Amino acid sequence: MKILSKINIPSISFLYNKESSEEFIKKSTQKLITEKITSGFIYRQTIFNSATDMKITISTRTFNDFPDAVEWITEIENCGDRKTSIIEDIMPLDMMIPAEKDEKILLHHAKGSQCRMDDFLPLTTELFPSSKVILAPEGGRSSNGVLPFMNVQKSGCGIILGVGWSGQWKAEFNRDDSGIHIKAGMEKTHLFLHPGEKIRTPSILIIEWNGDDFEKGNNLLRQLLLKHYIPKIKGKPVNPPAAQCLQSYFYLTGKAGETIEMTALEKAAMIGIDTYWIDACWYGGKGDWWQEVGSWVINEEKFPNGLKPIADASHKAGMKFLLWFEPERVRKNSIIHKEHPEFLLINKEDSGNFLLNLGMPEALNYIKNLVSDYISNIGIDIYRQDFNIDPLPYWRTADADDRQGITEIRYIEGLYKLWDELIQQHPNIAIDNCSSGGRRIDLETISRSLPLWPSDFLDICGLNTGHGVYTGSQCIKAGLARWIPLFGGGAWNFTPYGFRSVIIGGFTFGFNIDDKYFPSDDEKKIKTWEYILSHGKTLLDNDFPLDLVKSAINEWKTIKEFFTGNFYLLLPLTISYHDWCAWQFHREDLDSGIAVFFRRHESPFPAIETSLREVKPDQDYDVSISPDFTEKPRKRIKGQKLLNLKITIRQSPGSVLLRYSHVK
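This section reports on the structure supplied with the text. Remember, it's a predicted structure, so these values are computed and weren't measured experimentally.

## Here's the deal with the overall build of the protein
Part 1 of the reasoning: A count of helices and strands for the protein gives 15 helices and 39 strands.
Part 2 of the reasoning: Over its C-alpha trace the protein gives a radius of gyration of 25 Å, about what one expects of a compact globule, namely 26 Å for 664 residues.
Part 3 of the reasoning: Each principal axis of the C-alpha distribution contributes one length, and for the protein these read about 75 × 65 × 50 Å.
Part 4 of the reasoning: Residues counted as buried form 61% of the 664 residues belonging to the protein.
Part 5 of the reasoning: A fraction of 71% describes how many contacts in the protein between residues 6 or more apart in sequence connect residues 24 or more apart.
Part 6 of the reasoning: Charged side chains in the protein number 78 positive and 86 negative. The centres of these two groups are separated by 3 Å.

Now the structure itself:
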């Protein structure tokens, strides 16, 4: 069933001098140019209004292998010699989906990241007649509180909506008697354009899907992102790494330096780690890491020989080298603050932090050249860009009343230019998009970067929840995997239950912490993160469990090929300690997959019944179910048994990994 005709989309809206875009376009001339590209077509539609000298260009992209997907970006340009009237409420998506009065309509969406156990928790909101739902992030980072991907489910069909804007977007779903009116764009635009000035708007992705299973739409999104959006190096998608990082050791001890890193590096290579990661401990002077941002000079007291020897040692050991930056935030009295105050945006409510104005060409070139030089001179393979403040107050403070939204637009354009030019200058570089742990994930950022740390709950923030850190890891990883195919996360424990809770995609670790040191519910206020970390072991310790960790990493290596398959939640995803958690990856091309089952630490239920997806009842499958890291011998069974599957886990908490492959 077709919901939309591509003739009717893209459909944009705005007000120009209080006149509707519909009237504005009626008075304009239109032209369409078609360009064939390798993956499909680009359609460039221009709308020119001679009375105002304003031109709108809508560039629409289609995909040969995803015929029901379309993406577009809208640009607005003043081609005249005088400023325009006010353009406001610019919505690059404004369309109507027909629906019957009594038809049940569901909006599937997800929380974003806010350093919580329930980050990326799936949500379903029913769109009742005469109801309105508005989704928007907090503070100007695109997935801060809400993920900018949605799935509207009708009877027998639906659409996926993705918003590509790494700032303050919004999406409205308004149901009335004729159907569902959907609008998406920047939250606030009210501005004029100078002569010759041009702005872009958020990119919009629409995917239509058919059937009664809304997860079909989500998996179409995952596969489209893998094929056409996820960054590639030498033609292959960038994969999230298995990484080692001593940042939490630095938090605990205040110690960092070449000797420490070299000691851990040698052991990291031995256990199968593929990336050596140095986070926020390498720069500035004597202040805490967060006080030194804006002073991007190597701390010679900690690293007297610089960072190149560590990068070289990583490469010699067969590992990549990752280095952390936070270029957008600038602290008071830092080098950038002192030398280039003209580069900075202010927030009157936060006098200690400034925002490097990426919308200013001079500031953008300054930070691009600085980062590029570090990449070249050190030998950085993965450039990690963090961002630990909300930019929206800075943007809006800088806007005049008749230019609301312009600072945000220029800033976001600058961010994309920064990453695009770094990639152009360094074709083998990968970008890690952190942003306080997963708060800037959207269509545009994932086309340039991977989120290797999707939630700061996976940092020391989650430790004092005890076994809740695993529950949160399961929710964060499985919740995000429903929409995004490749990302990372943090591991604290290498028991099968603890490690499998974070294995979707890639992982990073610094400590292995024995379960007995995690607090019970009664101890959560007593056992601080410092206490918990102090009882953990790092690669600096002689009694670090090398063999256990190596076994865990080996299991991850045997199953990671399935992370690019279709993803299914086999049970409702919650953060209840009493519930089970279960998910599955299925590779259609291999007709094989994996499923992982978790009995959480307070679950009274030793068994659950579920059904695997995409298996065929009459086919033979070789199946193994492994409680530990040693794969159990495979047994041949009919697919029907996988459709009526009972899993028993006697230990609480506990997990099993199920592998299955079609017997041809």
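Past the structure itself, the notes keep going.
## Focus on the side chain of S592
Part 1 of the reasoning: Relative to the helices and strands, S592 resides in strand β34 (residues 592–599).
Part 2 of the reasoning: Look past the residues within four positions of S592 in its chain and what remains in contact with it is F562, F585, H586, R587, Y660, S661 and H662.

## Focus on the sheet that holds strand β14 (residues 169–176)
Part 1 of the reasoning: Strands sit in the order β8-β15-β14-β11 across an open sheet of four strands; the sheet is antiparallel. Strand pairing shows two members of the sheet lacking a second neighbour, β8 (93–98) and β11 (132–135), which therefore form its edges. In this sheet, adjacent strand axes meet at a mean angle of 10° when their direction is disregarded.
Part 2 of the reasoning: Here β14 runs beside strand β15 (residues 179–186); their pairing, made up of eight bridges, is antiparallel. Bridge pairing in β15 links W169 to M186.

## Remarks on the environment of F250
Part 1 of the reasoning: Along the chain, F250 falls in helix α3 (residues 247–253).
Part 2 of the reasoning: In this structure F250 comes out as buried when scored by relative accessible area, which is 11%.
Part 3 of the reasoning: In this structure, the C-alpha to C-alpha distance between F250 and I87, residues 163 residues apart in sequence, is 50 Å.
Part 4 of the reasoning: In contact with F250, not counting residues within four places along its chain, are K255, A256, A280, C281, W289 and K302.

## Concerning unusual backbone geometry
Part 1 of the reasoning: With an omega of 0°, the peptide bond running from S652 to P653 counts as cis.
Part 2 of the reasoning: Even without a glycine there, the phi angle at K18 is positive, about 70°.
Part 3 of the reasoning: Relative to the helices and strands, K18 resides in the loop between β1 (13–16) and β2 (19–20).
Part 4 of the reasoning: Overall, the relative accessible area of 63% leaves K18 in the exposed class.
Part 5 of the reasoning: We note that S435 has phi near 65°; this positive angle belongs to a residue other than glycine.

## Here's the deal with the sheet that holds strand β28 (residues 403–404)
Either a parallel or an antiparallel arrangement is found when strands of a sheet pair, and the pairing is made through backbone hydrogen bonds.
Part 1 of the reasoning: On the basis of which strands lie adjacent, the open sheet formed by five strands has the order β2-β1-β7-β16-β28 and antiparallel pairing. The two strands at the open ends of the sheet, each matched to only one other strand, are β2 and β28.
Part 2 of the reasoning: Taken together, the two bridges between strand β7 (residues 87–91) and strand β16 (residues 190–191) define a ladder with antiparallel strand orientation. Counted as the bridge partner of I87 is L191 from β16.

## With respect to the pairing of β34
The side chains of a regular strand alternate between both faces of the sheet.
Part 1 of the reasoning: Among the eight residues that make up β34, eight are buried, leaving the element largely enclosed by the rest of the structure.
Part 2 of the reasoning: Side chains of β34 alternate between two faces, with S592, I594, V596 and F598 and G593, A595, F597 and R599 buried alike.
Part 3 of the reasoning: Here strand β33 (residues 580–587) pairs with β34 via eight bridges, running antiparallel. The residue bridging F585 from the neighbouring strand is I594, located in β34.
Part 4 of the reasoning: In this structure, the hairpin formed by β33 and β34 is closed by a connection of four residues, where D591 is found at a positive phi of approximately 50°.
Part 5 of the reasoning: Where β34 lies against strand β39 (residues 654–662), eight bridges are found, and the strand directions are antiparallel. Across the sheet, the residue bridging to F598 is S655, located in β39.

## Regarding the pattern of salt bridges
Part 1 of the reasoning: On inspection of all chains with the given rule, the structure shows 39 salt bridges.
Part 2 of the reasoning: Here R384 makes a salt bridge to D279, at a shortest N to O gap of 2.9 Å. Of this pair, R384 sits in strand β27 (residues 382–385) while D279 sits in the loop between β22 (275–278) and α5 (308–316), and the two are 105 residues apart along the sequence. Of the two residues, R384 and D279, neither departs from the other in class, the shared state being buried.
Part 3 of the reasoning: When the shortest N-O distance is used, the salt bridge between D622 and R636 registers 2.9 Å. One end of the pair, D622, is in strand β36 (residues 620–626); the other, R636, is in strand β37 (residues 635–638), with 14 residues separating them in the sequence.
Part 4 of the reasoning: Three or more residues joined by partner-sharing salt bridges are found here, namely E197, R403, R410 and E413.

## Overview of the packing of aromatic side chains
Part 1 of the reasoning: Across all of its chains, the model carries 32 aromatic pairs by this definition.
Part 2 of the reasoning: Plain terms: the ring middles of W296 and F325 are 5.7 Å apart, the flat faces sit at 45° to each other, and that makes the pair tilted. On the criterion of sequence distance, the pair formed by W296 in the loop between β22 and α5 and F325 in strand β23 (residues 320–325) is long-range, its members being 29 residues apart.
Part 3 of the reasoning: Overall, W296 belongs to the buried group, its relative accessible area being 5%.
Part 4 of the reasoning: With relative accessibility at 1%, the residue F325 sits in the buried group.
Part 5 of the reasoning: Summarising the aromatic geometry, the rings of F499 and F507 are spaced 5.0 Å apart at their centres and angled 85° between planes, so their arrangement reads as edge-to-face. Of the two residues, F499 and F507, neither departs from the other in class, the shared state being buried.
Part 6 of the reasoning: One aromatic cluster in this structure is built from W282, Y283, W289, W296, W324, F325, Y374 and Y383.

## Regarding the pairing of strand β32 (residues 566–569)
Part 1 of the reasoning: Along β32, one buried face is formed by N566 and Y568 and the opposite face, lined by F567 and L569, is buried too.
Part 2 of the reasoning: Bridging between β32 and β33 involves four bridges; their strand directions are antiparallel. Across the sheet, N566 pairs through a bridge with H586, a residue of β33.

## With respect to the nonpolar core
Generally speaking, soluble globular proteins have nonpolar side chains that are buried together.
Part 1 of the reasoning: One finds F173, I182, W282, W296, F325, F499 and W583 to be the most contacted residues of the largest nonpolar core, which totals 191 residues.
Part 2 of the reasoning: In this view, W583 contacts A478, R500, I503, I504, F567, Y568, L569, L570, I594, A595, V596 and F598; residues no more than four positions away in its chain are not counted.
Part 3 of the reasoning: Among the nonpolar cores identified, the runner-up in size contains 19 residues, and V623, I649, V656 and Y660 belong to it.

## A closer look at helix α2 (residues 215–228)
Part 1 of the reasoning: Its 14 residues give α2 an end-to-end C-alpha distance of 20 Å, which sits within 8% of 20 Å, the value for a rise of 1.5 Å per residue.
Part 2 of the reasoning: In terms of burial, α2 is a largely internal element, ten of the 14 residues being buried.
Part 3 of the reasoning: Those residues of α2 that fall on the buried side of the exposure criterion are E215, G217, N218, N219, L221, R222, L224, L225, L226 and H228.

## Regarding the layout of surface pockets
Part 1 of the reasoning: The computed volume of the largest pocket comes to approximately 490 Å³.
Part 2 of the reasoning: Q247, Y251, W453, D456 and D459 are the residues nearest the centre of the largest pocket, which is lined by 27 residues in total.
Part 3 of the reasoning: Among the elements of the structure, α3, β30 (490–491) and β31 (507–509) are those that each provide at least two residues to the lining of the largest pocket.
Part 4 of the reasoning: Residue contributions to the lining of the largest pocket peak at three residues, all from α3.

Conventions we followed
Counting restarts for each chain, with residues numbered from 1 along the sequence as it is written. pLDDT decides what is reported in this predicted model: residues at 70 or higher carry local features, side-chain atom pairs at 80 or more are listed and counted, and totals for whole chains, interfaces and linings draw on all residues regardless. For the side-chain quantities, the full set of heavy atoms in the structure was used; hydrogens and water were omitted. Helix and strand assignments follow DSSP, with helices taken as H or I runs no shorter than four residues and strands as E runs no shorter than two, numbered in order from the N terminus. The size measure is the radius of gyration over C-alpha atoms, and the globule rule it meets is 2.2 Å times the number of residues to the 0.38 power. Residue burial is assigned from relative accessible area. The probe radius is 1.4 Å, only protein chains are included, and a residue is buried under 20% of its type maximum, exposed over 50%, and partly exposed in between. By the convention used here, residues are in contact when the closest approach between their heavy atoms is within 4.5 Å. Just so you know, the count uses Lys and Arg for positive and Asp and Glu for negative, and it drops His and the chain ends. For this purpose, a charge sits on NZ of Lys, CZ of Arg, CG of Asp or CD of Glu. Only strands joined by at least two bridges in the DSSP assignment are considered to pair. Each axis is a line fitted through C-alpha atoms, taken for helices only over the stretch in contact, and angles between the N-to-C directions span 0 to 180 degrees. The working definition used for a salt bridge is a side-chain nitrogen of Lys or Arg within 4 Å of a carboxyl oxygen of Asp or Glu. Side-chain rings of Phe, Tyr and Trp (the six-membered ring for Trp) are treated as a pair once their centres are within 6.5 Å; stacked means planes under 30 degrees apart, edge-to-face means over 60, and tilted covers the remaining angles. Only buried residues count toward a nonpolar core. Its members are Ala, Val, Leu, Ile, Met, Phe, Trp, Tyr and Cys residues joined through side-chain atoms within 4.5 Å. In this analysis, the expected span of each helix is defined as 1.5 Å times one less than the number of residues it contains. Both site types are read off a 1 Å grid over the protein atoms alone. A 1.4 Å probe that fits but cannot get out defines a cavity, while an open set with protein on both sides within 12 Å along at least five of seven lines defines a pocket; lining residues have an atom within 4 Å of a point. Grid points are joined across faces, edges and corners, and a volume is the space filled by probe spheres set on the points.

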